[in-house]
Amino acid sequence: MWNRSLQERNMKPISFISPSRNNLTYLKWMYNSIRKNVGYYHEILLADDCSEDGTWEWLQEIKKTDQNIQIFRNDTGERQGIVYWYDYLCEQASNDIVMFLHADMYVLPGLDEEIDKHIKPGVVVSATRIEPPLHPDGPEKILADYGIEPEEFDERQLLRDLDKFRDFNKTTEGIFAPWAIYKSDFQKIGGHDPLYAPQSKEDSDIFNRFVL
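Below, the structure is looked at part by part. Treat the numbers as computed from the prediction; the structure is a model and nothing was measured. (Residues numbered from 1 in each chain as written. Predicted model: local features only at pLDDT ≥ 70, side-chain atom pairs only at ≥ 80, totals over all residues. Heavy atoms only, no water.)

**A look at the overall build of the chain**
Okay, so step 1: When helices and strands are tallied, the chain shows nine helices and eight strands.
Okay, so step 2: Expected size for 212 residues packed as a compact globule is a radius of gyration near 17 Å; at 17 Å, the chain falls within 12% of this value.
Okay, so step 3: When each of the 212 residues of the chain is scored for burial, the buried share is 50%.
Okay, so step 4: When contacts within the chain are restricted to residue pairs at least 6 apart in sequence, those whose partners lie at least 24 apart make up 73%.
Okay, so step 5: For the chain, the distance from the average position of its 24 positive side-chain charges to the average position of its 37 negative side-chain charges is 4 Å. (Helix = DSSP H or I, 4+ residues; strand = E, 2+ residues; numbered from the N terminus. Rg over C-alpha atoms; globule rule 2.2 N^0.38 Å. Buried < 20%, exposed > 50% of the residue type's maximum accessible area, 1.4 Å probe, protein only. Contact = heavy atoms within 4.5 Å. Lys, Arg positive; Asp, Glu negative; His and termini not counted. Charge placed at Lys NZ, Arg CZ, Asp CG, Glu CD.)

So, in structure tokens, the structure goes:
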């Protein structure tokens, strides 16, 4: 169902944004999850932030066959961090809606439909996270263990359980990664504050400024 065209589903395309540093294994299945589960019509912008694990070589390879991807590289030898890259990649995004992802996140089928259902100017939409019990529970997440390390990830079982998680079926107050916003709204608040570069409390800062 999720591979039907955006025109058939009357949806706007999303620009998925994710910088990465030495996280190639995670980055591969994050990228593949977008392409398998929500399609090739959405744009993906990926940045290699001084990685030494073959990330840039892999990005160049997938660019040869994926026409709806933009790739960028920091080869200065000095990390720039999420705060810089989120803002830079958002500026390069081609679509009106941008979604910020961490490189270790897996996109489930139907995410784009849920974003489209709730997003509008002046609103930030965060997706419900399904994660192993490494961090405290909260109303905005589902605790379920499908593996912690990439080689333990049970993708097949997660997809089999998808209907069970659809029963979650509630909206909670709060903003957290992964989150989507209209690019114009992100630009109105000036993006992230470089005070929190390369990354530390940048989410809390930008969300509070957005609310204010």
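**Describing the packing of aromatic side chains**
Okay, so step 1: Applying the stated criterion to the full structure yields 15 aromatic pairs.
Okay, so step 2: Between Tyr-146 and Phe-165, the aromatic rings sit 6.2 Å apart at their centres with planes inclined by 75°, giving edge-to-face as the arrangement. Taken as a pair, Tyr-146 in the loop between strand S7 (141-143) and helix H6 (155-160) and Phe-165 in helix H7 (residues 162-166) lie far apart in primary sequence, 19 residues in all. Comparing Tyr-146 with Phe-165, the two get one shared label, buried.
Okay, so step 3: Aromatic pair Trp-179 and Phe-186: ring centres 6.4 Å apart, planes at 40°, arrangement tilted. A single burial state applies to Trp-179 and to Phe-186, both of which are buried.
Okay, so step 4: Through a chain of ring-to-ring contacts, the aromatic side chains of Tyr-86, Phe-100, Trp-179, Phe-186 and Phe-207 assemble into a single cluster. (Phe/Tyr/Trp six-rings, centres within 6.5 Å; stacked < 30°, edge-to-face > 60°.)

**With respect to the pairing of strand S8 (residues 179-182)**
Across a regular strand the side chains alternate sides, sitting on one face of the sheet and then on the other.
Okay, so step 1: Of the two faces of S8, the one lined by Trp-179 and Ile-181 and the one lined by Ala-180 and Tyr-182 are each fully buried.
Okay, so step 2: Pairing of strand S4 (residues 97-100) with S8 involves four bridges; the strand directions are antiparallel. Looking across to S8, one finds that Phe-100 is bridged to Trp-179. (Pairing = 2+ DSSP bridges.)

**As for the pairing of strand S1 (residues 14-20)**
Okay, so step 1: Among the seven residues in S1, seven count as buried, and that is most of the element.
Okay, so step 2: By the alternation rule, side chains of S1 split into Ile-14, Phe-16, Ser-18 and Ser-20 and Ser-15, Ile-17 and Pro-19, which are all buried.
Okay, so step 3: In this sheet, strand S2 (residues 43-49) lies alongside S1 in parallel orientation, the contact comprising six bridges. Its bridge partner being in S2, Ser-20 is matched across the sheet by Asp-48.
Okay, so step 4: Taken together, S1, helix H2 (residues 24-37) and S2 constitute a β-α-β crossover, and its handedness is right-handed. (Right-handed = clockwise from strand over helix to strand, strands pointing away.)

**Section: helix H3 (residues 55-63)**
Okay, so step 1: Buried residues of H3: Thr-55, Trp-56, Trp-58, Leu-59 and Ile-62, and no others. Angular distribution of buried residues about the axis of H3 spans 160°; they occupy a single face of the element.
Okay, so step 2: Where the residues of H3 are buried, they touch H2, S2 and strand S3 (69-74). (Arc of directions from axis to C-beta.)

**Let's talk about the packing of H2 against H3**
Packed helices, taken two at a time, are described by the angle their axes make and the gap between the axes.
Okay, so step 1: Direction vectors running N to C along H2 and H3 enclose 20°, while the axes themselves pass 10 Å from each other. With respect to H3, the element H2 is oriented roughly parallel. Handedness of the crossing formed by H2 with H3: right-handed. Residues Leu-24, Leu-27, Lys-28 and Tyr-31 of H2 form the contact with H3, whose own contacting residues are Thr-55, Trp-58, Leu-59 and Ile-62.
Okay, so step 2: Split by residue class, the contact of H2 with H3 holds six nonpolar, one polar and one charged. (Axes fitted to C-alpha atoms, helices over the stretch in contact; angles between N-to-C directions. Parallel < 35°, antiparallel > 145°, perpendicular 65-115°, else oblique. Left-handed = near helix turned anticlockwise from the far one by under 90°. Nonpolar A, V, L, I, M, F, W, Y, C, P; charged D, E, K, R; others polar.)

**Considerations on helix H9 (residues 202-211)**
Okay, so step 1: Listed as buried for H9 are Glu-202, Asp-203, Asp-205, Ile-206, Phe-207 and Phe-210.
Okay, so step 2: Residues of H9 that are buried sit in contact with helix H4 (81-92), S8 and helix H8 (183-188).

**Brief notes about the pattern of salt bridges**
Okay, so step 1: The tally for this structure, following the rule as stated, stands at 10 salt bridges.
Okay, so step 2: In this structure, the salt-bridge partner of Glu-61 is Lys-64, at a minimum N-O distance of 2.9 Å.
Okay, so step 3: We classify Lys-64 as exposed; its relative accessible area is 58%.
Okay, so step 4: A salt bridge links Glu-114 to Lys-117, with the nearest nitrogen and oxygen atoms 3.1 Å apart. Within this pair, Glu-114 and its partner Lys-117 are both found in helix H5 (residues 111-118), separated by three residues, close to a single helical turn.
Okay, so step 5: Salt bridges sharing partners connect three or more residues here, namely Arg-129, Glu-131, Glu-140 and Lys-141. (Salt bridge = Lys/Arg side-chain N within 4 Å of Asp/Glu carboxyl O.)

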